[in-house]
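Letter by letter, the chains look like this.
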Amino acid sequence: MSSLINKKTNQILAQNVVTAHRFFSRVKGLMGKEDFPSSSAFWILPCTGGIHTFFMKFSIDVIFVNPSLKITAVFKNIAPWKIVHPGLFSKTYSVFELKSPALETSQLQTGDQLYVGY
């Protein structure tokens, strides 16, 4: 089980990272799930565009990152039935989705370096 860590602050953002790198798992994402553990992050890669929360049953916090896992955008408390795009010039490669309010007290900023590992 790997963790998601902000290297700038050494804060553990999630204790379990679930990876979606196959087409179907990326498309399905968290849609239709009744719940998702607050200690987990769902990592969609690649994900160069935006994300949506259609058919989701809970709000999520989202961290967009570039290929080296530097944060390009952060969005908190995205309700179901929304579309989120990191911006035209963000150079986003993948995205981490966490159940809100996972990032409520975090001090994440664009440019922070993340780490996925043990």
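To keep things clear, this report deals only with the structure shown in the data block. Each residue is numbered by its place in its chain's sequence as written, counting from 1. pLDDT decides what is reported in this predicted model: residues at 70 or higher carry local features, side-chain atom pairs at 80 or more are listed and counted, and totals for whole chains, interfaces and linings draw on all residues regardless. By convention in this description, side-chain values take in all heavy atoms of the structure and omit both hydrogens and water.

1. Brief notes about the sheet that holds strand β3 (residues 16–20)
For step 1, the next point in the chain: Two strands pair under a simple rule: DSSP has to find at least two bridges between them. Numbering goes from the N terminus for both helices and strands, where a helix is a DSSP run of H or I of at least four residues and a strand is a run of E of at least two. One open sheet holds the 5 strands; their spatial order is β3-β4-β9-β6-β7, and the pairing between them is mixed. If you trace the sheet from one side to the other, it starts and ends with β3 and β7 (71–78), each paired once. On average, each strand axis in the sheet is tilted by 20° relative to the strand beside it, whichever way the strands run.
For step 2, the next point in the chain: When strand β6 (residues 60–65) meets β7, the two strands line up antiparallel, connected through 5 bridges. By the bridge assignment, V62 is partnered in β7 with F75. To get an axis, fit a line to the C-alpha atoms, keeping to the stretch in contact for a helix; angles then go from 0 to 180 degrees between the N-to-C directions.

2. A word on the packing of aromatic side chains
For step 1, the next point in the chain: Only Phe, Tyr and Trp rings take part, Trp by its six-membered ring, and two of them pair if their centres are within 6.5 Å. Stacked means planes under 30 degrees apart, edge-to-face means over 60, and tilted covers everything else. A full pass over the atoms with the stated rule returns 5 aromatic pairs.
For step 2, the next point in the chain: Ring centres of F64 and F75 lie 5.9 Å apart, and the angle between their planes is 90°; on these two criteria the pair is classed as edge-to-face. Placement of the pair is F64 in strand β6 and F75 in strand β7, with a sequence separation of 11 residues.
For step 3, the next point in the chain: Members of the aromatic cluster, each reached through a chain of ring pairs, are F54, F55 and W81.
For step 4, the next point in the chain: Ring-over charges, as used throughout, are those where CZ of Arg or NZ of Lys falls within 6 Å of the ring centre and within 35 degrees of the ring normal. Directly above the ring of F58 sits K99, whose terminal nitrogen or CZ lies 5.7 Å from the centroid.

3. Considerations on the layout of surface pockets
For step 1, the next point in the chain: A 1.4 Å probe that fits into a set of points on a 1 Å grid over the protein atoms alone but cannot get out defines a cavity; an open set with protein on both sides within 12 Å along at least five of seven lines defines a pocket, and lining residues are those with an atom within 4 Å of a point. Grid points are joined across faces, edges and corners, and a volume is the space filled by probe spheres set on the points. A volume near 250 Å³ is recorded for the largest pocket.
For step 2, the next point in the chain: If you trace the largest pocket, you find 15 residues lining it, with R26, V27, I44, I51 and H52 closest to the centre.
For step 3, the next point in the chain: Those elements that provide at least two residues to the lining of the largest pocket are α1 (23–28) and β5 (51–52).
For step 4, the next point in the chain: It is α1 that provides the largest number of residues to the lining of the largest pocket, a total of 4 residues.

4. Side note on the sheet that holds strand β2 (residues 11–14)
For step 1, the next point in the chain: Read across the open sheet, the 3 strands follow the order β2-β1-β10; overall the sheet is antiparallel. Two strands in the sheet have a free side with no partner beyond their single neighbour: β2 and β10 (114–117). For this sheet, the mean inter-axis angle between neighbouring strands, taken without regard to orientation, is 35°.
For step 2, the next point in the chain: Pairing analysis gives 4 bridges linking strand β1 (residues 3–6) to β10, with the strands arranged antiparallel. Paired with I5 across the bridge in β10 is Y115.

5. Observations concerning unusual backbone geometry
For step 1, the next point in the chain: Cis geometry marks the peptide bond from L45 to P46, where omega comes out at -5°.
For step 2, the next point in the chain: The topology assignment puts P46 in the loop between β4 (40–44) and β5.
For step 3, the next point in the chain: The amide bond that connects S100 to the next residue, P101, takes the cis arrangement and shows omega of 5°.
For step 4, the next point in the chain: The phi torsion at N10 lies on the positive side, around 60°, for a residue other than glycine.
For step 5, the next point in the chain: Looking at where N10 falls in the secondary structure, it is placed in the loop between β1 and β2.
For step 6, the next point in the chain: Residues other than glycine seldom take positive phi values, yet L69 does so here, at roughly 70°.

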